[in-house]
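# Structural overview for review
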Amino acid sequence: MKLCAGKRALLPGALFLLLLLAGCGPFYRTVVVLVPAGNGDYEIDSELGACKIEKAGVKVALSFPKRKDLETAAAYPEWNPYLNREKIFYTVFKLKVENARQEKISIDIAKAVLLDGLGGQENALTSEYFKNVYPASTLVQPRGFRGFEPEVVYTEDYYRYNAVEKTIFKNRELYPGVKMEGYLVFNTARREAGNLTVVVPGIKLLDGKNNEAGNTGDIRFKFTQNVSVIEGAGK
């Protein structure tokens, strides 16, 4: 009789476990991939997934980084300014510029634009923009029994903005032979947009006196946007 009673006592626990397992269904994640689309004005590097062009001795390349690349922007997921474990917050490209001229060049990347082909336009987000999104704040709190030896505590937003400063492409002048790369960041493009165009603003060609001697003109790179939903096992 005691054995039977023990079996009956196990039933509620077993039923709870079955219900719990039944609730662990699959989850769904939206995956966005941008693939370079050729139009004859630039070269496509299929291996790197990049659009490339050279104008007046200035080499420019634009690619769409994978999620695993964006994850390296910060040491910990909680400090990443571009994504969390569930989603990516922005439409992010990787921009590379090389000055192969004999004089300096000047880039105003804040004028870069993303066109969605549906009448929408997004301007590039700068590090100044992210100062409001991730205020680089610190906290000072007392340390010790009598409140001596104050300790500075850095917030997660401090580390997020720090990651932006290290990875985003900034306005600057490039000396001859210098290469620069960084992220070109926009607000998320509409998912229904099939074709996206990134307009890299004209790069100034400077002379020996630092005056503008020419301009590359705006450079346009086109990408095809593929959006899919994948199913994974629930946890």
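Residues numbered from 1 in each chain as written. Predicted model: local features only at pLDDT ≥ 70, side-chain atom pairs only at ≥ 80, totals over all residues. Heavy atoms only, no water.

Here we take up the overall build of the chain. Secondary structure summary: the chain contains four helices and 16 strands in total. In the chain, which comprises 235 residues, the share counted as buried stands at 33%. The long-range fraction of contacts in the chain, counting pairs at least 24 apart against all pairs at least 6 apart in sequence, stands at 67%. Summed over all atoms, the accessible surface of the chain reaches about 14,600 Å², with 53% contributed by carbon and sulfur. (Helix = DSSP H or I, 4+ residues; strand = E, 2+ residues; numbered from the N terminus. Buried < 20%, exposed > 50% of the residue type's maximum accessible area, 1.4 Å probe, protein only. Contact = heavy atoms within 4.5 Å. Areas by Shrake-Rupley, 256 points an atom, 1.4 Å probe, with all protein chains shown as cover.)

What follows deals with the pairing of strand E4 (residues 58-63). Summarising burial for E4: five of the six residues are buried, a large majority. Pairing between strand E3 (residues 50-55) and E4: six bridges, direction antiparallel. Considered in E4, the bridge of Ala 50 is made with Ser 63. Hairpin connection from E3 to E4: two residues lie between these consecutive antiparallel strands, with Ala 56 at a positive phi of about 50°. Inspection of the sheet shows E4 paired to strand E5 (residues 90-99) by six bridges, in the antiparallel sense. Counted as the bridge partner of Lys 59 is Glu 98 from E5. (Pairing = 2+ DSSP bridges.)

This part covers the confidence of the model for the chain. Counting all residues, the mean pLDDT for the chain is 85, and 82% of those residues have values of 70 or more. Note on residues 1-23: pLDDT under 50 across the span, and zero contacts to partners over four residues away in sequence or across chains. (pLDDT = per-residue confidence, 0-100.)

On to the environment of Leu 48, then. Considering the arrangement of structural elements, one finds Leu 48 in the loop between strand E2 (43-45) and E3. Relative accessible area serves as the criterion here: at 56%, Leu 48 is assigned to the exposed category.

If you walk across this open sheet you meet the four strands as E11-E6-E14-E15, and the pairing is antiparallel. Both outer strands of the open sheet, strand E11 (172-174) and strand E15 (212-215), are each paired with one neighbouring strand and no more. Neighbour-to-neighbour, the strand axes of the sheet open up by a mean angle of 30°, direction not taken into account. With three bridges joining them, strand E6 (residues 105-107) and E11 adopt antiparallel strand pairing. Bridge pairing in E11 places Ile 107 opposite Arg 172. (Axes fitted to C-alpha atoms, helices over the stretch in contact; angles between N-to-C directions.)

Taken in spatial order, the five strands make up an open sheet running E2-E3-E4-E5-E12, and their pairing is antiparallel. Every other strand in the sheet has two partners, leaving E2 and strand E12 (179-187) as the edge strands with one partner each. Between one strand axis and the next, the sheet turns through 25° on average, direction left out of account.

Another aspect to go through is the environment of Pro 135. Along the chain, the position of Pro 135 falls in the loop between helix H3 (127-133) and strand E9 (138-141). Residue classification places Pro 135 among the partly exposed positions, given a relative accessible area of 36%. Counting along the chain gives 22 residues from Pro 135 to Asp 157, while the straight-line C-alpha distance between them is 5.9 Å. Setting aside its immediate chain neighbours within four residues, Pro 135 contacts Thr 155, Asp 157 and Tyr 158.

Turning our eyes to something else, we now look at the packing of aromatic side chains. Counted according to the given criterion, the structure contains 15 aromatic pairs. Relative to Trp 79, the ring of Tyr 76 lies with its centre 4.8 Å away and its plane at 80°, an arrangement referred to as edge-to-face. Tyr 76 gets classed as partly exposed once you look at its relative accessible area, which sits at 48%. Geometrically, the ring pair formed by Phe 89 and Tyr 90 is edge-to-face, given 6.4 Å between the ring centres and 90° between the ring planes. Residue class for Phe 89 comes out partly exposed when judged on its relative accessible area of 28%. Using a relative accessible area of 10% as the deciding quantity, one classes Tyr 90 as buried. Among the aromatic side chains, those forming a connected cluster through ring pairs are Tyr 82, Phe 89, Tyr 90, Tyr 129, Phe 130, Tyr 134 and Tyr 183. (Phe/Tyr/Trp six-rings, centres within 6.5 Å; stacked < 30°, edge-to-face > 60°.)

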